[in-house]
Amino acid sequence: MKKNIAIFTPLANEEKTAKQFILEVLSYKKYFNKFNFFIILDKASKDNTYKIVEKLEKKNKSLKLIWAPKNKTVVDAYMAGYKTCLKTKSEWILEIDGGGSHNPKNIVNFLKFMNFDYDCIYGSRFCKGGKMLNSNFIRYLFSKGGSLLSKVFFKINLADTTSGYQMFKRKILKKIVNKKLLSRDRFIQTEMKIYTRKLNVKEVPIQYICDTHTMNLYAIFESLYLLVKIKILNKNYI
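In every chain, residue numbers begin from 1 and rise along the written sequence. Per-residue local features are limited, in this predicted model, to residues with pLDDT of at least 70; the limit for side-chain atom pairs, both in listing and counting, is 80 or more; totals at the level of whole chains, interfaces and linings are taken over all residues. Heavy atoms throughout the structure, all of them, feed into the side-chain values; hydrogens and water do not.

A.B. asks: Pulling in residues and values, what's your account of the layout of surface pockets?
C.D. replies: Only protein atoms enter the 1 Å grid used here, on which a cavity is any set of points holding a 1.4 Å probe that cannot leave and a pocket is any open set flanked by protein within 12 Å on both sides along at least five of seven lines; residues with an atom within 4 Å of a point are listed as lining. Grid points are joined across faces, edges and corners, and a volume is the space filled by probe spheres set on the points. Estimated volume of the largest pocket: approximately 1300 Å³. Lining the largest pocket we find 47 residues, and of these Tyr78, Arg139, Asp185, Arg186 and Tyr208 sit closest to its centre. Elements represented by at least two residues in the lining of the largest pocket include exactly strand 2 (32-41), helix 3 (74-87), helix 5 (137-154), helix 7 (188-195) and helix 8 (217-233). Polar here means any residue other than Ala, Val, Leu, Ile, Met, Phe, Trp, Tyr, Cys and Pro, which are nonpolar, and Asp, Glu, Lys and Arg, which are charged; Gly is therefore polar. Residues belonging to the lining of the largest pocket are distributed by class as follows: 18 nonpolar, 19 polar and ten charged. Strands are runs of DSSP state E lasting at least 2 residues, helices are runs of H or I lasting at least 4, and numbering of each runs from the N terminus.

Dropping the structure here:
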């Protein structure tokens, strides 16, 4: 049975890869009854990405460019995407990053489980079949270590708690958004998994390509701080 889906991607400064990425995602439209794909752009993007997406939008009815000039952080971009997708009333909402880190071909791995009774389907680099490519030791250590640490704090039954390639049932995502997430950086991916850990979730393999080998110190400190804070608040699931 075909499903309805809304997909979003925050983009910035991806003029070299934006067209190919967008067209590849759009090629999966055939698998759905209703298909919406939103590109979130803001002032962080300084190159020709906006013009490229705008041109593609005119040729593809399923593609919509969302200009969000008030965004100040990466979380603002994600929230703009979540809220835009929720307005479509699509049954499923998929988050996928551009810039080459997430492979659109992995969408088929999510498709296999959309007709089952899952609340969330999470892309995983560390489950069977998953891969983390082009990574140095430090980047791998923090990704893997972050997942292990969050599993210790909250007993999350996932191999990968820091991946951002993820899909939610509309009703679940709406609860998460209404909960008002605490993170202002990449910890948002883990925070969402903390809140959904008692639900019926499924992990599917993805091939993640690291686009940078550097680590954001603020993101690391925020992650540690919020792990403790959410645990202390004890309001850590939906």
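A.B. asks: Describe in detail unusual backbone geometry, supporting the description with residues and values.
C.D. replies: Unusually for a residue other than glycine, lysine 89 sits at a positive phi of about 65°. Relative to the assigned elements, lysine 89 resides in the loop between helix 3 and strand 4 (92-95). With a phi close to 60°, asparagine 134 is a non-glycine residue in the positive phi region. Tracing the backbone shows asparagine 134 in the loop between strand 6 (131-133) and helix 5. You can call asparagine 134 partly exposed: its relative accessible area is 49%. We call a residue buried when its accessible area falls under 20% of the maximum for its residue type, exposed when it is over 50%, and partly exposed in between, using a 1.4 Å probe and counting protein chains only.

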